[in-house]
Amino acid sequence: MDTQAQAQGDAPGVDPGERHGARSYLIGLAYAVALTVASFWAATTSFVYAPAVPVLLGTLAIAQMGVHVAFFLHISSAPDQANNFLALAFGVFVSALVIFGSMLIMSNLNHNMMPMDELIKMQR
Amino acid sequence: MSAAGQALTGIPGVPLALRGPAPVRVVAGFGFWLFLLSDIIIFAALFATYSVLSGSTAGGPSAAELFDKRHVFLETMCLLASSATCGFGLLAIQRTDARAMYFWMGITFLLGISFLTMEGREFASMIAAGAGPSHSAFLSAFFTLVGTHGLHVSLGLVWLVVMLLQVATLGFQPMVGRRFFCFALFWHALDIVWIGVFTIVYLGAK
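Please read these numbers as outputs of a predicted model, since none were measured by experiment.

Before going further, it helps to spend a moment on the confidence of the model for chain A. Residues and elements named next belong to chain A. Taken as a whole, chain A shows an average pLDDT of 83; of its residues, 84% reach a score of 70 or greater. Per-element averaging of pLDDT across chain A places helix 1 (residues 3-8) at the bottom with 44 and helix 3 (residues 53-72) at the top with 93. Across residues 1-8, where pLDDT falls below 50, the model places 23 contacts with residues more than four positions away in sequence or in other chains.

Taken together, the contact between chain B and chain A spans 49 residues of the former and 50 residues of the latter. Across the interface of chain B and chain A, roughly 4200 Å² is buried in total on both sides, 78% from carbon and sulfur atoms. Here chain B is connected to chain A by zero salt bridges. Across the chain B-chain A interface, the total number found is one residue pair in polar contact (both at pLDDT 80 or more). At the level of secondary structure, the elements contributing two or more residues to the side of chain B that touches chain A comprise helix 1 (3-9), helix 2 (24-53), helix 4 (69-94) and helix 7 (174-203) of chain B.

A separate point is the side chain of A:His74. Structurally, the position occupied by A:His74 is in the loop between helix 3 and helix 4 (82-112). Among the polar contacts listed, one links the side chain of A:His74 to the backbone oxygen of A:Phe71, at a separation of 3.5 Å.

Definitions and cut-offs
Residues numbered from 1 in each chain as written. Chains lettered and ligands numbered in written order. Predicted model: local features only at pLDDT ≥ 70, side-chain atom pairs only at ≥ 80, totals over all residues. Heavy atoms only, no water. pLDDT = per-residue confidence, 0-100. Helix = DSSP H or I, 4+ residues; strand = E, 2+ residues; numbered from the N terminus. Contact = heavy atoms within 4.5 Å. Buried area = accessible area lost by both parts, 1.4 Å probe. Salt bridge = Lys/Arg side-chain N within 4 Å of Asp/Glu carboxyl O. Polar contact = N/O pair within 3.5 Å; in protein donor to acceptor, adjacent residues only side chain to side chain.

Here it is in structure tokens:
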């Protein structure tokens, strides 16, 4: 591994000098499978208080995405990965803006819509 | 140079301006990472669409009536396993071990094909039961979101075959290694999108 590449920062997922061997993928796979099983269990069980299930599912999904980013894509907050990490943060920011922004605006519009029967009355 | 500056750059005493251009491997990886993030933003738009429209079933079947969780679980396991085997394949490329590379990438391909077959069968049975994309806004959004992910997986498989042919013809050149590496990033990113799909679409079905 040349020192120049380390100085310039690493590309995402790059494995300089076998820093993350097969172990990283195995640990990642174990976590990912465990979190997936937990998600499917949470969705089908009556053990968890029903209104809390969506929150639990969201938490498990975010945890699993984190596992994939850390163990498969090898993105970390290490100093030589500042570029990748900032790009990831920006991607997450824009995604959250698009998803939650759309949902907020659409539910607000829906709330302010005239009920269908009122609309039909007006057209008469 | 300050301590904070050293922590940022890794090598003490060499200012950023004096280090010259970054190696191609780093630039290619970073560029592809930016592409992947923009791809994920496309999926974010499709997820937003699905979330808004998921209740608009127009009298047709709802999400809870349509989906079989066991089927989705198998699909998910295929993708997760393929992500790990893809990683092992990438390690084999770094060791320039052709046999291990063909073995792991072959398994990755088979797992990807099984995922697509299961998804195709699910789509076909839904359309046969009259729950095609033209039936309701919910189903349009469903087929767009899950279909776009499936399209990405199909393109990934085509890319994988092209890369295997490149290793067969060009050997383990740095250029081929870089492309394979970008493929692995693409494959892992698709998995991350799938986590969103199975959580929001299949498990979040009401």
